[in-house]
Amino acid sequence: RMGQCASYETGAKQDSTIYHMDLKDCIFVGHTNTDLDSIAGAIAASHLFGGVPARASDINTETEYVLTRWGFELPPKLTDVPEFKEKGICLVDFNQRSQLTEGLNEKQIRGIIDHHALREGSISSDIPIYMDIRPWGSVSTILAHTYLRNGKTIPKNVAGLMLSAILSDTLNRNSPTCTQIDKDMVLVLAEIAGVTDINELANQQFKAKAKMILKYSIAELLRGDLKKFQIQDILMAFGVCETPDSKTVLSKKEDILNEMRKMKATTNADLVYFAIVDVVNLSSKLLICGEEERDYAEKAFEITPGNGSVVHLGKRVSRKKTMIPPLDSLIKSGW
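Residues numbered from 1 in each chain as written. Predicted model: local features only at pLDDT ≥ 70, side-chain atom pairs only at ≥ 80, totals over all residues. Heavy atoms only, no water.

**Student:** So, the nonpolar core: which residues are in play, and what are the values?
**Tutor:** Counting 75 residues, the largest nonpolar core has Phe238, Tyr273 and Leu286 as the members making the most contacts within it. Ignoring anything within four residues of it in the chain, the contact list for phenylalanine 238 reads Asp225, Leu226, Lys227, Phe229, Tyr273, Ala275, Leu286, Arg319, Met323, Ile324 and Leu327. Among the nonpolar cores identified, the runner-up in size contains 19 residues, and Cys241, Met260, Met263 and Phe274 belong to it. (Core = buried A, V, L, I, M, F, W, Y, C linked by side-chain atoms within 4.5 Å. Buried < 20%, exposed > 50% of the residue type's maximum accessible area, 1.4 Å probe, protein only. Contact = heavy atoms within 4.5 Å.)

In structure tokens form, the structure reads like this:
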């Protein structure tokens, strides 16, 4: 498969006019609580389509490590891009209105490149826009495929950046969200980027991500990878911490729970969850901050949490595929 995919780059050029050229000169920006895939996607898409990369918020320690590893400067925040209110916007790695960065006018949106489900609360538009949403493990996989499909040369550092993003989003190809095309693209991008030990690169990224546990405040740890989902009349905030050191995170359990309760009391979130994903053992635990959260978790995941504040979710390691869908279905059932 690797040779087959690589032939897209070295073989006959396809007509690049299949691009939606309205994306040229757009600003490419990801979701709030910025992660590696949203930053990598913004940078890669801006190179591919001819635009400007931006970020929605501060970056985590893994993203910082990867940008340095592949020689990229940190993209500016959207509001720091000159004349950003006058430019078209392409959303990268999300489609939910609740994850839009402050200052972005929805009428500016010209495109969405994403790999998440179109749920209630997704962006809508008054005009037709470019949409590329595929059921793959990473938005960087989509962009890498688009490069190759159109016979576009991928620079070595862009290939490395997208490789790192795929490894991050798929937990080094171990997440249930990982597809065969993700695995194929990892091999192709590793060859272009000159990476001979993919597992070592992934391990270095996980170690870099673990530094956030020591560097971040409890509030930052909770919000570092937090997404909000509007499901009918319920707004659910769901944070995740992927780490090779789950014991250290669990040692901060009481402080995290207090911060979750504070978030619920001071924001418009109806439910607040926080999952600790062990990237070594590929298992997860869910923190329960209140009775309502406990009731929904017990029913959605078919478990008996009792009175404890930590629920074992077993091999459920993907918020997108194995955590949100059961809760989404339960809420929509009217339970």
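Additional details are given in the paragraphs that follow.
**Student:** Mind laying out helix α10 (residues 253-266), listing which residues take part and the relevant values?
**Tutor:** Here α10 spans 20 Å end to end across 14 residues, near enough to the 20 Å set by a 1.5 Å rise per residue. Among the residues of α10, those classed as buried are Ile256, Leu257, Glu259, Met260 and Met263. Looking straight down α10, one finds its buried side chains confined to an arc of 160°; they lie on one side. What points out from α10, more than 90 degrees from its buried face, is the exposed set Lys262, Ala265 and Thr266. For α10, the elements touching its buried residues are α8 (218-223), β6 (226-231), β7 (234-243), α9 (246-250), β8 (271-278) and β9 (283-288). (Helix = DSSP H or I, 4+ residues; strand = E, 2+ residues; numbered from the N terminus. Expected span 1.5 Å × (residues − 1). Arc of directions from axis to C-beta.)

**Student:** Can you break down the packing of helix α2 (residues 36-49) against helix α3 (residues 61-69) residue by residue, with the values?
**Tutor:** Two numbers describe how α2 lies on α3: the axes approach to 9 Å, and their chain directions differ by 35°. Contact with α2, carried on its side by Leu36, Ile39 and Ile43, involves Glu62, Thr63, Val66 and Leu67 of α3 and no other residues of that element. (Axes fitted to C-alpha atoms, helices over the stretch in contact; angles between N-to-C directions.)

**Student:** Talk me through the pairing of strand β3 (residues 89-92); I want residue IDs and the actual numbers.
**Tutor:** Burial along β3 is two-sided: Ile89 and Leu91 facing one way and Cys90 and Val92 facing the other are all buried. Examined bridge by bridge, strand β1 (residues 27-29) and β3 share three bridges and lie parallel to one another. By the bridge assignment, isoleucine 27 is partnered in β3 with isoleucine 89. Direction of pairing for β3 relative to strand β4 (residues 109-114): parallel, over a ladder of four bridges. Across the sheet, cysteine 90 pairs through a bridge with glycine 111, a residue of β4. (Pairing = 2+ DSSP bridges.)

**Student:** Residue-level account of the sheet that holds β8, with values.
**Tutor:** Reading across the sheet, the five strands line up as β6-β7-β8-β9-β10 and stay open at both edges, with mixed pairing between neighbours. If you trace the sheet from one side to the other, it starts and ends with β6 and β10 (310-314), each paired once. When strand polarity is set aside, the average angle formed by the axes of neighbouring strands in this sheet is 25°. Pairing analysis gives four bridges linking β9 to β10, with the strands arranged antiparallel. Opposite leucine 287, over in β10, you have valine 310 as the bridge partner. Sheet strands touched by helix α11 (residues 291-300): β7, β8 and β9. Its angle to β8, the strand with the most contacts, is close to 60°.

**Student:** Any chance you could break down the packing of helix α5 (residues 156-169) against helix α7 (residues 198-215) for me, citing the residues and the numbers?
**Tutor:** Relative orientation of the contacting elements α5 and α7 amounts to 70°, with a least axis distance of 10 Å. It follows that α5 is roughly perpendicular to α7 by the angle criterion. Of the two elements, α5 crosses α7, and the hand of that crossing is right-handed. Together, Leu163, Ser164, Leu167 and Ser168 of α5 and Ile198, Leu201, Ala202, Gln205, Phe206 and Lys209 of α7 make up the contact between the two elements. For the contact of α5 with α7, the residue count by class is six nonpolar, three polar and one charged. (Parallel < 35°, antiparallel > 145°, perpendicular 65-115°, else oblique. Left-handed = near helix turned anticlockwise from the far one by under 90°. Nonpolar A, V, L, I, M, F, W, Y, C, P; charged D, E, K, R; others polar.)

**Student:** Describe the pattern of salt bridges, and please don't skip the residues or the numbers.
**Tutor:** Under the definition given, this model contains 16 salt bridges. Note that lysine 209 and glutamate 62 form a salt bridge whose closest N and O atoms lie 3.7 Å from each other. Linking lysine 209 in helix α7 with glutamate 62 in helix α3, this pair joins segments that are 147 residues apart in sequence. The salt bridge partner of lysine 253 is glutamate 254, with a shortest N-O separation of 3.9 Å. (Salt bridge = Lys/Arg side-chain N within 4 Å of Asp/Glu carboxyl O.)

**Student:** Give a description of unusual backbone geometry that names residues and reports values.
**Tutor:** Negative phi is the rule for most residues except glycine; trans is the rule for most peptide bonds. The backbone of asparagine 33 sits at a positive phi, close to 55°, despite the residue not being glycine. If you trace the backbone, asparagine 33 turns up in the loop between β1 and α2. Its identity as a non-glycine residue notwithstanding, arginine 173 has a phi of 70°, on the positive side. On the secondary structure map, arginine 173 appears in the loop between α5 and α6 (180-193).

**Student:** Describe a nonpolar patch on the surface, with residues and values.
**Tutor:** Nonpolar side chains collect at one region of the surface, where Leu118, Met131 and Ile133 lie side by side and expose about 280 Å² of accessible area between them. As for its position among the elements, methionine 131 is in strand β5 (residues 130-133). With relative accessibility at 46%, the residue methionine 131 sits in the partly exposed group. (Patch = residues over 30% accessible without salt bridge, like charges linked within 9 Å, V, L, I, M, F, W, Y side chains within 5 Å. Areas by Shrake-Rupley, 256 points an atom, 1.4 Å probe, with all protein chains shown as cover.)

**Student:** Break down the pairing of β4 for me, with residues and values.
**Tutor:** Among the six residues of β4, five are classified as buried, and the element is accordingly described as predominantly covered. As paired strands, β4 and β5 are joined by four bridges and run parallel to one another. Bridge pairing in β5 places glycine 111 opposite tyrosine 130.

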